[in-house]
Amino acid sequence: SALAEALVTRARLAVRIEVDPARVRPADVPYLVGDPSAIEREAGWRAALPLERTLDDVLADWRARAPAA
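Residues numbered from 1 in each chain as written. Predicted model: local features only at pLDDT ≥ 70, side-chain atom pairs only at ≥ 80, totals over all residues. Heavy atoms only, no water.

A. Structural view of the overall build of the chain. Of the regular secondary structure elements, the chain holds three helices and zero strands. For the chain, the C-alpha radius of gyration of 16 Å lies well beyond 11 Å, the compact-globule estimate for 69 residues. With respect to the principal axes defined by its C-alpha atoms, the chain has extents near 45 × 35 × 20 Å. Considering the chain as a whole, with its 69 residues, one finds that 4% of them fall into the buried category. Put simply, the chain shows about 6,700 Å² of open surface, and 59% of that area lies on carbon and sulfur atoms. Between the centroid of the 10 positive side chains of the chain and the centroid of its 11 negative side chains there is a distance of 5 Å. (Helix = DSSP H or I, 4+ residues; strand = E, 2+ residues; numbered from the N terminus. Rg over C-alpha atoms; globule rule 2.2 N^0.38 Å. Buried < 20%, exposed > 50% of the residue type's maximum accessible area, 1.4 Å probe, protein only. Areas by Shrake-Rupley, 256 points an atom, 1.4 Å probe, with all protein chains shown as cover. Lys, Arg positive; Asp, Glu negative; His and termini not counted. Charge placed at Lys NZ, Arg CZ, Asp CG, Glu CD.)

Here it is in structure tokens:
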């Protein structure tokens, strides 16, 4: 997925993505795109941070949690 690839490009290690066919559900939608306009219209909510920043923050958090090598 694009999200996984975005995380891999930010990683400081070599990362290989493998799909385990046993874990893929037959009813999974192969490609799904969201539209945030409904939540913005109904609740007035709008994302304040770009996705790229969120990914960087998630990786930084996990790096801080990882034991020192």
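B. Molecular detail of the pattern of salt bridges. Counting across every chain of the model gives eight salt bridges. D56 serves as the salt-bridge partner of R10, at 2.6 Å between the closest nitrogen and oxygen. Residue R10 is found in helix α1 (residues 2-10), and its partner D56 is found in helix α3 (residues 51-65); the two are separated by 46 residues along the sequence. Judged by relative accessible area, which is 38%, D56 ranks as partly exposed. With a closest N to O distance of 3.7 Å, R41 and E42 form a salt bridge. Across the pair, E42 and R41 agree in class, each one exposed. (Salt bridge = Lys/Arg side-chain N within 4 Å of Asp/Glu carboxyl O.)

C. Spatial organisation of the packing of α1 against α3. Their axes nearest at 10 Å, the elements α1 and α3 cross at an angle of 60°. Put simply, α1 runs oblique to α3. In this structure, α1 meets α3 at a crossing whose hand is right-handed. Contacts between α1 and α3 involve L3, A6, L7 and R10 on the former and, on the latter, L51, E52, L55, D56, L59 and R63. (Axes fitted to C-alpha atoms, helices over the stretch in contact; angles between N-to-C directions. Parallel < 35°, antiparallel > 145°, perpendicular 65-115°, else oblique. Left-handed = near helix turned anticlockwise from the far one by under 90°. Contact = heavy atoms within 4.5 Å.)

By themselves, these figures tell us nothing about what the structure is for.
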